[in-house]
Amino acid sequence: MPRPLSESTVLVTGASAGIGLSICRRLAPSKCGFVLAARSQDKLQQVATDLRQSGCEVLVIPTDVSQPNSIRDLARDSRQLSGRIDVLINNAGIECFADFDSLTEDAIQQTIATNLTGSILLTRHILPGMRAQKSGHIINMASTAGKHGPAFGAVYGATKAGLIAFTQSLRGELRGSGIEATAICPGFATDGGIYDDIVRMTGRRTPRHMGGTSAAAVAAAVENVIRKPRPEVILNFPWLRPVFVLREAFPAIGERLILAATRRFLRQASRPNRLN
Ligand SMILES: NC(=O)c1ccc[n+]([C@@H]2O[C@H](COP(=O)([O-])OP(=O)(O)OC[C@H]3O[C@@H](n4cnc5c(N)ncnc54)[C@H](OP(=O)(O)O)[C@@H]3O)[C@@H](O)[C@H]2O)c1
């Protein structure tokens, strides 16, 4: 049985903006405790002020999840709030849409360190505490990009596929331990986050047949899986799981279908003039 949210301490990385911020706002009415991590201390303090006004206890720990030392410090200091972490939400992430051969080594390393290695290392540090308390939930913010390997998102897709595989492996290993693991796979999400940045920079939205989701819907899904754990949630409308099943069963047909729906938009999203 998962611990009631009202008695839980939730560690959220990437809590200063976008989906992470939406998750915090969604969970706040349950009056859980929060450990908030991201690089921007001022933004985290603002989020903390809002959460405290809802009656939550909050600890802010400025962290760069691409830096192993910073992750170690986060894991150590996070215990100052209640002595335990009940839910770890590995949400911090950066996008990386570009022609693969235009990416610098630094951009590749930073994307992998932030999106994948950071989540794995933080889990490595938090899991022993969950083992000791015989309960806990690790929620990894993956993406539909981890389910189909998006064109022009080779590194981003690789990190998200890695997170999904990591979650599956943890689930197998943690069976019967009282600890859950879930991969959340949103499509492009409106109302705050990296997709909104892409739309702002390109002036283009996803085509209707590609669809998407919203940060609020992702946050609601996270609350649902905390209350009722599941292995994986794909969030997108139109629904994509049947397409991914088709792609597994018939790779050539599935690939053609997915590329017809996504390639043009992803190519626009990857235009060099919107990259730093
Ligand atoms: N929005 C979408 O359409 C979408 C779709 C599928 C999956 N996702 C995934 O959802 C997660 C959140 O994305 P988002 O759209 O909410 O992005 P966002 O609005 O850009 O927010 C990203 C968050 O991660 C933090 N962050 C970035 N680099 C960090 C680092 N090195 N160390 C610590 N924190 C870091 C940012 O805070 P600081 O800059 O202050 O550090 C911010 O709080 C990501 O993992 C993303 O891949 C998003």
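That block above? That's the structure.
### Quick word on the overall build of the protein chain
When helices and strands are tallied, the protein chain shows 10 helices and 9 strands. For the protein chain, the C-alpha radius of gyration of 18 Å lies close to 19 Å, the compact-globule estimate for 276 residues. Each principal axis of the C-alpha distribution contributes one length, and for the protein chain these read about 50 × 40 × 35 Å. Here the protein chain, with 276 residues, has 45% of them falling under the buried criterion. Expressed as a percentage of contacts within the protein chain between residues at least 6 apart in sequence, the contacts between residues at least 24 apart total 71%.

### Re the site of the ligand
The immediate surroundings of the ligand are formed by 30 residues, with Gly14, Gly18, Arg39, Gly93 and Gly193 found nearest. Mapped by element, the contributors of at least two residues to the shell around the ligand are helix H1 (18-27), helix H4 (105-133) and helix H7 (194-202). At 3 residues, the largest contribution of residues to the shell around the ligand is made by H1. The residue inventory of the shell around the ligand, partitioned by class, reads 13 nonpolar, 14 polar and 3 charged.

### Describing the nonpolar core
The biggest cluster of nonpolar side chains holds 77 residues, and the ones touching the most others in it are Val12, Phe34, Leu36, Val218 and Val222. In terms of residues, this core owes the most to one element, helix H8 (residues 215-227), which gives 8 residues. Among residues more than four places away in sequence, those in contact with Phe34 are Val10, Val12, Cys24, Leu51, Cys56 and Val58.

### Quick look at the sheet that holds strand E9 (residues 232-235)
What the 7 strands build is an open sheet, ordered E3-E2-E1-E4-E5-E6-E9; its pairing is parallel. In the strand order of this sheet, the two ends are held by strand E3 (58-62) and E9, each with one partner. Within the sheet, the average angular offset between the axes of one strand and its neighbour, ignoring direction, is 15 degrees. Bridge analysis of strand E6 (residues 179-186) against E9 gives 4 bridges, and the strand direction is parallel. Opposite Ile184, over in E9, you have Val233 as the bridge partner. Along the sheet, H4 contacts strand E1 (9-13), strand E4 (87-90), strand E5 (136-141) and E6; its crossing angle with E4, the most-contacted strand, is approximately 170 degrees.

### Examining the environment of Val155
Tracing the sequence through the fold places Val155 in helix H6 (residues 154-174). Take Val155: there are 21 C-beta atoms within 10 Å of it, and that puts it in the buried class. For the pair Val155 and Ala107, spaced 48 residues apart in sequence, the C-alpha separation works out to 9.4 Å. In this view, Val155 contacts Cys96, Leu103, Ile108, Thr111 and Ile112; residues no more than four positions away in its chain are not counted.

### Here we look at the pairing of E1
Of all 5 residues that make up E1, 5 are buried, and the element is covered over most of its length. Here E1 shows two buried faces, one formed by Thr9, Leu11 and Thr13 and the other by Val10 and Val12. Note: E1 against strand E2 (residues 33-38), 5 bridges, orientation parallel. Note on E2: the bridge partner recorded for Val12 is Leu36. Between the parallel elements E1 and E2, the chain passes through H1 in a crossover that is right-handed. Both E1 and E4 contribute to a ladder of 3 bridges, which runs parallel.

### Things to note about the pairing of E4
Side-chain direction in a regular strand flips from residue to residue, so the side chains alternate between the two faces of the sheet. Burial of E4 is two-sided: the residues Val87 and Ile89 facing one way and the residues Leu88 and Asn90 facing the other way are all buried. Where E4 meets E5, 4 bridges bridge the pair, whose relative direction is parallel. Across the sheet, Asn90 pairs through a bridge with Asn140, a residue of E5.

Definitions and cut-offs
- Residues numbered from 1 in each chain as written.
- Predicted model: local features only at pLDDT ≥ 70, side-chain atom pairs only at ≥ 80, totals over all residues.
- Helix = DSSP H or I, 4+ residues; strand = E, 2+ residues; numbered from the N terminus.
- Rg over C-alpha atoms; globule rule 2.2 N^0.38 Å.
- Buried ≥ 20, exposed ≤ 12 C-beta atoms within 10 Å, placed from the backbone.
- Contact = placed C-beta atoms within 7 Å.
- Near = placed C-beta within 6 Å.
- Nonpolar A, V, L, I, M, F, W, Y, C, P; charged D, E, K, R; others polar.
- Core = buried A, V, L, I, M, F, W, Y, C linked by C-beta atoms within 7 Å.
- Pairing = 2+ DSSP bridges.
- Axes fitted to C-alpha atoms, helices over the stretch in contact; angles between N-to-C directions.
- Right-handed = clockwise from strand over helix to strand, strands pointing away.

Everything listed is a geometric property; what it means functionally is a separate question.
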